[in-house]
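Single-letter residue listing:
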Amino acid sequence: MKNVMSNKWVITLYVLPALLLILILIYIPIVLTGYYGLMDWDGIGAKTFIGLDNYIELMKDKMFWNSTYHSVLLAVFSAISLIAYLVISLILASKIKGAGLLRKIYLIPMLLSSVAIAQLWLKIFDPTNGMLNKLLEMFGVENTPIWLADPNLVLYSIFIPIVWQYAGFYIIIYYAALKGVPDEIIEAAKIDGATPFQIAYKIKLPLIAPVIKVTIVLAIVGSLKYFDLIYVMTGGGPNGASEVMASYMYKEAFKTYNFGYGSAIGFALLIICLVMTWVIQKLTASKEDAGY
């Protein structure tokens, strides 16, 4: 009995530092964000309790709903792009020539900071000397788009570097999962006459389904709170056409010094992320997960 109690204390001492870090860095800030959302506060002076006024104002704020729509659109686009990453990973895992070099190439964007990537794509999208418009001119396009100044194009233009930035991350995750599929199963399927497509669709994909589920959550939640590259490239413009929830929260808190309202936006973002995660968990739950 004493040994059991001693082991429990030892385990507790080992786990306690991690629990304290999680408490200090995650849960306490979440609680404080919700608390500040109930205040009228400029971040410096005294706080004034105003109850749910910030959250009520949030429901009436057209810019908040526009930024939410843009964030959700980015999340959907990111989730769809996972299909391309998965196809590339299936090709790389099929032992094609040069697969090792291609994996390294796909990882290059991950080595760059978001600010560096934003600066790179600003040059590419430059309406006068940008590589993209120069390429279009070579193919005879005369009125080339002003990618980041057109409200109808800016959001989709930004999606491209975001997808490019994270391609290597998801490709490596899928590649590692696919390499974990037992060779015996693949060989047995080949002996039975299965085509490469049937092997991929009926064997590999079901076996790595838990990994796919995790990447869907990562892609959607990560997109909902995306900030840095968008802020550097457009600052949410023109006229809010590329504003997302995170950039709108930053502006309200650190540019207009409305920390109470900014905190309310941040807390709303947290709730949306939690709801989206729950929905994804329900939609992708297997019978085993449901307890059947």
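Cut-off values and rules
Residues numbered from 1 in each chain as written. Predicted model: local features only at pLDDT ≥ 70, side-chain atom pairs only at ≥ 80, totals over all residues. Heavy atoms only, no water. Phe/Tyr/Trp six-rings, centres within 6.5 Å; stacked < 30°, edge-to-face > 60°. Helix = DSSP H or I, 4+ residues; strand = E, 2+ residues; numbered from the N terminus. Buried < 20%, exposed > 50% of the residue type's maximum accessible area, 1.4 Å probe, protein only. Lys NZ or Arg CZ within 6 Å of the ring centre and 35° of its normal. UniProt positions renumbered as here; feature names shortened; annotations may be inferred. Arc of directions from axis to C-beta. Contact = heavy atoms within 4.5 Å. Salt bridge = Lys/Arg side-chain N within 4 Å of Asp/Glu carboxyl O. Expected span 1.5 Å × (residues − 1). Bend = angle between axes of the 7 residues up to and from the residue.

(A) Structural view of the packing of aromatic side chains. Overall, the coordinates contain 19 aromatic pairs when judged by the stated rule. Considering the side-chain rings of Trp41 and Phe259, the 5.7 Å spacing of their centres and the 50° angle between planes classify their relative orientation as tilted. Pair noted here: Trp41 is in the loop between β1 (39–40) and β2 (48–49) and Phe259 is in helix α13 (residues 259–283), with a separation of 218 residues, a long-range link. Residue classification places Phe259 among the buried residues on the basis of a relative accessible area of 19%. Judged by centre distance (5.3 Å) and plane angle (35°), the rings of Tyr250 and Phe254 are tilted. Placement of the pair is Tyr250 and Phe254 together in helix α12 (residues 245–254), with a separation of four residues, close to one helical turn. Given the relative accessible area of 29%, Tyr250 is considered partly exposed. Grouping aromatic residues by their ring pairs yields a cluster made of Tyr35, Tyr36, Trp41, Phe227, Tyr231, Tyr250, Phe254 and Phe259. The ring of Trp41 carries the charged tip of Lys47 above its face, separated from the ring centre by 4.6 Å.

(B) Focus on the UniProt feature "domain: ABC transmembrane type-1" (unreviewed entry) in the protein chain. If you check UniProt for "domain: ABC transmembrane type-1" (unreviewed entry), the listed places come out as residues 68–280 in our numbering. The distance separating the terminal C-alpha atoms of residues 68–280 is 18 Å; by composition the span is 75% helix and 0% strand.

(C) Looking closely at helix α5 (residues 114–124). When α5 is considered as a whole, its buried residues turn out to be Ser114, Ile117, Ala118, Trp121 and Ile124. Along α5, the residues classed as buried sweep out an arc of 115° about the axis, all on the same side. Turning to α5, the residues buried within the fold contact α4 (99–111), α6 (131–138), α7 (154–179) and α11 (228–233).

(D) Fine view of unusual backbone geometry. The omega torsion across Gly237 and Pro238 is -5°, close enough to zero to call that bond cis. Topologically, Pro238 is positioned in the loop between α11 and α12. Of note, Asn239 is a non-glycine position whose phi angle comes to about 55°, a positive value. Residue position: Asn239 is located in the loop between α11 and α12. Phi at Tyr257 is positive, roughly 55°, even though this residue is not glycine. Note that Tyr257 resides in the loop between α12 and α13.

(E) View of the UniProt feature "transmembrane region" (unreviewed entry) in the protein chain. Following the UniProt record, one finds the feature "transmembrane region" (unreviewed entry) at residues 12–32, 69–93, 105–122, 153–177 and 259–280. End C-alpha atoms of residues 69–93 are separated by 36 Å, and the span's content is 100% helix alongside 0% strand. Structurally, residues 259–280 is divided into 100% helix and 0% strand, and its ends, taken at the C-alpha atoms, are 31 Å apart.

(F) Representation of the pattern of salt bridges in the model. Counted according to the given criterion, the structure contains one salt bridge. The partner of Glu243 in a salt bridge is Lys251, with the nearest N and O atoms 2.9 Å apart. When sorted by exposure, Glu243 lands in the same class as Lys251, which is buried.

(G) Representation of the environment of Ile56 in the model. Within the secondary structure layout, Ile56 lies in helix α2 (residues 53–60). Overall, Ile56 belongs to the partly exposed group, its relative accessible area being 44%. Taking C-alpha positions, Ile56 is 9.8 Å from Ala264, a pair spaced 208 residues apart along the chain.

(H) Quick look at α7. Taking 1.5 Å of rise per residue, 26 residues should cover 38 Å, and α7 covers 38 Å from first to last C-alpha, within 8% of that figure. Along its length, α7 shows its largest kink, about 40°, at Ala167.

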